[in-house]
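Listed below, chain by chain, are the residues.
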Amino acid sequence: MDQAFTPQDKLYIGGEWRRGRGAEIASNFPADGSLNAKLAGASQEDVDVAIERAQYAASDPAWRKILPHERATFLYKISEGLARHADRISLVQSRDTGKTLSETRALAMSAAGTFRYMAAALETMEDALTPSRSNYLTMSVFEPLGVTAGITPWNSPIASDAQKVAPALAAGNAVLLKPSSWSPLVCLELARVIEEAGLPKGLFSTLPGAGAIVGERLVTHPAIRKVSFTGGTETGRDIARKAADKLMPVSLELGGKSPTIVFADADLDVACAGVMFGVFSSTGQSCIAGSRLFVERSIYDTFLAKLVAATERLRIGHPFEATTQMAPLIRPKHRDEVEDHVKRAREDGGIILTGGERPAGADYTDGTYYRPTIIAGLANTSRLCREEVFGPVLAVLPFDNEDDLIRQSNDNSYGLACGIYTSDFPKAWRVARAIDTGTVWVNTYKQFSISTPFGGTKESGLGREKGREGIRAWMAQKSIYCDLSQVPHPWAKSAL
Ligand code: NAD
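Notes on the structure in this doc start here. (Residues numbered from 1 in each chain as written. Predicted model: local features only at pLDDT ≥ 70, side-chain atom pairs only at ≥ 80, totals over all residues. Heavy atoms only, no water.)

### Considerations on the sheet that holds strand S5 (residues 128-130)
(1) Moving on: Reading across the sheet, the 3 strands line up as S5-S6-S22 and stay open at both edges, with antiparallel pairing between neighbours. Two strands bound the open sheet, and with one partner strand each, they are S5 and strand S22 (475-483). The mean angle between the axes of side-by-side strands here comes to 25°, regardless of whether they run parallel or antiparallel.
(2) Moving on: Pairing of S5 with strand S6 (residues 136-144) involves 3 bridges; the strand directions are antiparallel. Residue pairing in the sheet places Ala 128 in a bridge with Ser 140 of S6. (Pairing = 2+ DSSP bridges. Helix = DSSP H or I, 4+ residues; strand = E, 2+ residues; numbered from the N terminus. Axes fitted to C-alpha atoms, helices over the stretch in contact; angles between N-to-C directions.)

Following this line, the structure appears as structure tokens:
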């Protein structure tokens, strides 16, 4: 089961592999706590070097002036490299995060798909000739911003890294990537692929390190023209405040407390599988986890009995075991936090229908495992129904009718995603339109496409990623007026 690997221990800064000058970062394997690697993270000086080189590379005509279809060739090559090295990327990411190999392989291929899509989209982007109001040509064109940054979390690193780096490069920028220091290794694999693809040096750097040092420097540095952030809501709020000081655009993909809804007329097998996948896959460490379940009261007891029985059959195990459905949580401190949420839910009157503890047995003693947990008996205003757990914990609530359901679903500070299970399409449509979230799935959950915009409402974020417009979000729009009359302006003519 052991899959050995030698991780990168240098950072890719301004086109060179160098030791970081910041604090040491340790990456441990969540399945047994063993050390994957120690490496020196980036320092503030490293960020400044990366920015300086990025400024040069972004303004170099070799990048700035090349045509979109030529720029796209770099993205195609990066896509091919990610696919070619998908097994290694998957292994590194599984060791870094404890996720199953099947999930991390899918994430590596999704990152390859993101670069391929952005390359293709780039080749089709058009500027506009706008309707003229006089004898001139008016145009609206899009240009690169310059030096930009992406800041990403630990839960799906290669996929979220690609969602920032691919459109940023497609738009003609330089981009500096700061991954989470809990999962520092996989971004270095991305750097190897980017270097292999021949991207001009300086256009991409990866700077794992402390959020308060590396992240903050990226956000506040005057040369950085945009930050795209994925992570927790509190960090996002802090970044938005600092960005406001320099009037810099930000895109924020933040947390969630997403409702999943099961109507009495739903196919209960489809709903049960969808609910479990929605909240327990990735061991619940997903921004879109469907962590509040609303079940129509007439089927509440029947559906919960089915859901609890099926949840107890989920296979908890080692990330390298092909049969594993639920792997360990990222690290001991995070499991402690998940356990605290469950403790508080108990204090608030929650009834544990299943889980609520670590799995028993020798296979589980060294890893940060936690059983899938279902909790009933709480109000929608309780702490568990308000706070993001980021673990395999589901709160279940009954509802009586559509109005009651929509009111409860929307009564939450988050607005990331929602799942609806019903066989009545007009009802699904009505509810989907009434729910205040960025994404709604009907009779499915957690399905993604790079061609479909993604983002949240309320405290789940600002802006959208993905889709063709995802490239525009990394560009500056400029209007150009060209006079065609070639005569002096009448207002000044008499003075000539
Ligand atoms: P986090 O907010 O703690 O960290 C995210 C990133 O921000 C890390 O790289 C971190 O080092 C950096 N950071 C921390 N403090 C910073 C600061 N002051 N300035 C700049 N950067 C700073 O989040 P996390 O624990 O890594 O990830 C989990 C969170 O991410 C959850 O809330 C989850 O819902 C959210 N998430 C959202 C999406 C989405 O698309 N909406 C996707 C995945 C994860």
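Continuing now.
### So, the sheet that holds strand S12 (residues 259-262)
(1) Moving on: Read across the sheet, 7 strands follow the order S14-S15-S16-S13-S12-S18-S19 without closing on themselves; strand pairing throughout is mixed. The open sheet is flanked by strand S14 (351-354) and strand S19 (439-442), the only strands paired with a single partner. Ignoring strand direction, the axes of neighbouring strands in this sheet form an average angle of 25°.
(2) Moving on: Taken together, the 3 bridges between S14 and strand S15 (residues 373-376) define a ladder with antiparallel strand orientation. Looking across to S15, one finds that Ile 351 is bridged to Ala 376.
(3) Moving on: Relative to strand S18 (residues 417-421), helix H15 (residues 425-434) is tilted by about 165°, and along the sheet it contacts S12, S18 and S19. (Contact = heavy atoms within 4.5 Å.)

### Thoughts on unusual backbone geometry
(1) Moving on: The residue Ser 282 is not glycine, and still its phi comes out positive at about 60°.
(2) Moving on: Relative to the helices and strands, Ser 282 resides in the loop between helix H10 (268-280) and strand S13 (292-296).
(3) Moving on: Look at Gln 486: it is not a glycine, yet its phi comes out positive at around 55°.
(4) Moving on: When you line up the elements, Gln 486 lands in the loop between S22 and helix H17 (490-493).
(5) Moving on: Of the residues examined, Gln 486 reaches a relative accessible area of 75% and is grouped as exposed. (Buried < 20%, exposed > 50% of the residue type's maximum accessible area, 1.4 Å probe, protein only.)

### So, the site of the ligand
(1) Moving on: Residues in close proximity to the ligand total 26 residues, the closest being Thr 152, Lys 178, Thr 235, Leu 254 and Glu 388.
(2) Moving on: A distance of 3.0 Å separates an oxygen atom of the ligand from a polar atom in the side chain of Trp 154.
(3) Moving on: Lys 178 is positioned with one of its side-chain polar atoms (N or O) 2.8 Å from an oxygen atom of the ligand.
(4) Moving on: Out of a free accessible area of 840 Å², the ligand has 84% covered by protein chains.
(5) Moving on: Across the shell around the ligand, the residue classes tally to 11 nonpolar, 10 polar and 5 charged.
(6) Moving on: Residues lining the shell around the ligand come from more than one domain, with at least three contributed by each of domain 1 (11-254 + 460-480) and domain 2 (259-442). (Near = heavy atom within 4 Å. Polar contact = N/O pair within 3.5 Å; in protein donor to acceptor, adjacent residues only side chain to side chain. Areas by Shrake-Rupley, 256 points an atom, 1.4 Å probe, with all protein chains shown as cover. Nonpolar A, V, L, I, M, F, W, Y, C, P; charged D, E, K, R; others polar. Domains from an automatic or database assignment.)

### Concerning the side chain of Asn 36
(1) Moving on: Its place among the elements puts Asn 36 in strand S4 (residues 35-40).
(2) Moving on: For Asn 36, a relative accessible area of 11% translates into the label buried.
(3) Moving on: The residues touching Asn 36, leaving out its near neighbours within four places in the chain, are Phe 5, Pro 7, Ser 27, Asn 28, Phe 29, Arg 95, Asp 96 and Leu 185.

### Notes on the layout of surface pockets
(1) Moving on: In this model, the second largest pocket occupies a volume close to 350 Å³.
(2) Moving on: Lining of the second largest pocket is provided by 19 residues; of these, Pro 68, Arg 71, Asp 127, Phe 142 and Met 475 occupy positions nearest its centre.
(3) Moving on: Of all the secondary structure elements, the ones that give two or more residues to the lining of the second largest pocket are helix H3 (68-84), S6 and helix H16 (469-472).
(4) Moving on: With 4 residues, the top contributor of residues to the lining of the second largest pocket is S6. (1 Å grid on protein atoms, 1.4 Å probe; cavity = no way out; pocket = protein on both sides within 12 Å on 5 of 7 lines; lining within 4 Å. Points joined across faces, edges and corners; volume = space filled by probe spheres on them.)

### A closer look at the packing of helix H8 (residues 211-220) against helix H9 (residues 233-245)
The angle between the axes and the distance between the axes are what describe a pair of packed helices.
(1) Moving on: For the pair H8 and H9, interaxial distance at closest approach is 9 Å and the crossing angle is 35°. Residues Glu 216, Val 219 and Thr 220 of H8 touch H9, and the partners they reach there are Ile 239, Lys 242 and Ala 243.
(2) Moving on: Tallied by class, residues from the contact of H8 with H9 come to 3 nonpolar, 1 polar and 2 charged.

### Comments concerning the pattern of salt bridges
(1) Moving on: Inspection of every chain in the model, using the stated rule, returns 31 salt bridges.
(2) Moving on: Ionic pairing is found between Arg 21 and Asp 46, a salt bridge with its closest N-O pair at 2.8 Å. Remark: Asp 46 occurs in helix H1 (residues 44-59) and Arg 21 occurs in the loop between strand S2 (16-18) and strand S3 (24-28); sequence separation between them is 25 residues.
(3) Moving on: Given the relative accessible area of 47%, Arg 21 is considered partly exposed.
(4) Moving on: Linking Arg 217 and Asp 48 is a salt bridge whose minimum nitrogen-to-oxygen distance equals 2.8 Å. Placement of the pair is Arg 217 in helix H8 and Asp 48 in helix H1, with a sequence separation of 169 residues.
(5) Moving on: On the accessibility criterion, Arg 217 (24% relative accessible area) is partly exposed.
(6) Moving on: Note on Asp 48: relative accessible area 23%, which makes it partly exposed.
(7) Moving on: Salt bridges linked by common partners bring Lys 343, Glu 347, Asp 348 and Arg 383 together as one network. (Salt bridge = Lys/Arg side-chain N within 4 Å of Asp/Glu carboxyl O.)

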